[in-house]
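Each chain, letter by letter, is given below.
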Amino acid sequence: MKIPILDLKGQYLKIKSDIDSSIQNVLDNTNFINGPDVHSFEKNIGNYLQSEHVIGCANGTDALQIAMMALNLKPGDEVIVPAFTYAATAEVVGLLGLVPVFVDVDENNFNIKIEDIEPSISDKTKAIVPVHLFGQAAPMEQIMEIANRHNLYVIEDNAQALGAKYTYSNGTVKSLGTIGHIGCTSFFPTKNLGCYGDGGAIFTQNKELAQRIRMVTDHGQKVKYYHDIIGCNSRLDSIQAAILNVKLTQLDNYSKHRYDAAAIYKELLKDVNCITLPEEVSYSTHVYHQFTIRLDHKRDELKEFLASKSIASMTYYPLSLNNQKAFSSIAKIRVPLDNSERLASQVLSLPMHTELTKEVQIEVCNAIKEFCNEKN
Ligand SMILES: *Cc1c(COP(=O)(O)O)cnc(C)c1O
């Protein structure tokens, strides 16, 4: 594709000398596991997010699994999950023998529909996993209020909105991932803070929980070779941490570039009537992990039309989780999931990354306009 969906190479070239020397430093000190960069990165991102505790781990999926293990969720316990998200969110629920209970999302901002939560709670419900999809917050204040009232844990899946901030109705501002009992994120290369391989992290503001999380990531041991609980082996490696230490210093610039690029898309596409633009919620900043438009019926046609002009676009996600085979025999559904099902056939994400230029965006938008004029 002449116009790719993202440009990791262009981003790397701008920070090449810092990245290269940070990797070389790990090669020189050979502390490949649990080296000084892992500790400094946990500290640095903790400061950045104002998170009391940070525990690195191997990837975002592990982060979610470890969170549920640390909270001692037991087979048969129910976990409320949006039906429109990446499968990993619900997969770990199934993997641990827990029951995913799917709820719908708001069709304009793609995040969990608050009215669906209480009707989905049963006496087996133990946790809610809001996902900050595409770069902005789920309605956390209301979610926390419901969770407190029903004595439930909240695990934020913040794989897509690291760096975004939530504003409470009283004006308090918090980073996403630090609001729930546990926050989880991924440093997969395509995420807003991506490393050059796999990586993840877990956030909590509770000391006992932090200790338990760390034990779970390290074979259930607090003292080496004394295993108190069943854990797993999930580590952020030193080379990835070294890369993340460099990239964390750029995250605010990256978020701003994405936000500005989204504003350009919105301006260029504002009068194009065959598509619907994504909505920004008032209580969250938006770090535009994706810029996702919607089209009735002709989504795949537009995707092909753009591809014919060598412009990449992606469908996140083509099937809602309630319609995925993997969940068909284990999930429970207590509310209609109409929006999730409809969005799966309507959404299209446009090129969005830190190297995107206005010229390229004009080309993308002209192609979309051409498509809409021809088809309407
Ligand atoms: C990427 C992602 C994950 C999983 O992260 P990995 O590091 O790929 O395991 C989980 N949830 C959401 C919403 C994601 O986008």
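All values derive from a computational prediction rather than experimental measurement. (Residues numbered from 1 in each chain as written. Predicted model: local features only at pLDDT ≥ 70, side-chain atom pairs only at ≥ 80, totals over all residues. Heavy atoms only, no water.)

Caption draft 1: Structural detail: the domain arrangement of the protein. For the protein, the domain assignment lists domain 1 (15-248) and domain 2 (251-375). If you average the C-alpha positions of domain 1 and of domain 2, the two centres end up 24 Å apart. On the domain 2 side, the residues contacting the 51 residues of domain 1 number 39 residues. Between domain 1 and domain 2 lies a buried interface of about 4000 Å² when both sides are counted; carbon and sulfur atoms form 56% of it. Of all residues in domain 1, the largest losses of buried area upon contact with domain 2 belong to F102, F134 and N192, amounting jointly to 19% of the total for that side. Applying the counting criterion to the domain 1 and domain 2 interface returns four salt bridges. One salt bridge connects R334 with E78, and the closest N-O pair in it is separated by 3.0 Å. The interface formed by domain 1 and domain 2 includes 28 residue pairs in polar contact (both at pLDDT 80 or more). If one sorts the elements of the side of domain 1 that touches domain 2 by residue count, strand β3 (residues 99-103) sits on top with five residues. Classifying every residue of the side of domain 1 that touches domain 2 gives 28 nonpolar, 13 polar and 10 charged. (Domains from an automatic or database assignment. Contact = heavy atoms within 4.5 Å. Buried area = accessible area lost by both parts, 1.4 Å probe. Salt bridge = Lys/Arg side-chain N within 4 Å of Asp/Glu carboxyl O. Polar contact = N/O pair within 3.5 Å; in protein donor to acceptor, adjacent residues only side chain to side chain. Helix = DSSP H or I, 4+ residues; strand = E, 2+ residues; numbered from the N terminus. Nonpolar A, V, L, I, M, F, W, Y, C, P; charged D, E, K, R; others polar.)

Caption draft 2: Representation of the pairing of strand β12 (residues 291-294) in the model. By the alternation rule, side chains of β12 split into F291 and I293 and T292 and R294, which are all buried. Relative to strand β14 (residues 347-350), β12 runs antiparallel, the two being bridged by four bridges. Of the residues in β14, the one forming a bridge with R294 is V347. (Buried < 20%, exposed > 50% of the residue type's maximum accessible area, 1.4 Å probe, protein only. Pairing = 2+ DSSP bridges.)

Caption draft 3: Expanded view of the packing of aromatic side chains. Under the definition given, this model contains 15 aromatic pairs. Note on F84 and F134: the rings are 6.4 Å apart at their centroids and 85° apart in plane angle, and the pair reads as edge-to-face. Here F84, found in the loop between β2 (78-82) and α5 (88-95), pairs with F134, found in the loop between β4 (125-128) and α6 (140-150); they are 50 residues apart in sequence, far enough to count as distant. The exposure class of F84 is buried, given its relative accessible area of 1%. With relative accessibility at 2%, the residue F134 sits in the buried group. (Phe/Tyr/Trp six-rings, centres within 6.5 Å; stacked < 30°, edge-to-face > 60°.)

Caption draft 4: The arrangement of the packing of helix α9 (residues 251-268) against helix α13 (residues 358-375) in detail. At a minimum axis distance of 10 Å, the contact between α9 and α13 shows a crossing angle of 35°. The handedness of the crossing between α9 and α13 is right-handed. Only K358, Q361, I362, V364, C365 and K369 of α13 make contact with α9, whose side of the interface consists of A261, I264, Y265 and L268. Considering only residue class, the contact of α9 with α13 consists of seven nonpolar, one polar and two charged. (Axes fitted to C-alpha atoms, helices over the stretch in contact; angles between N-to-C directions. Left-handed = near helix turned anticlockwise from the far one by under 90°.)

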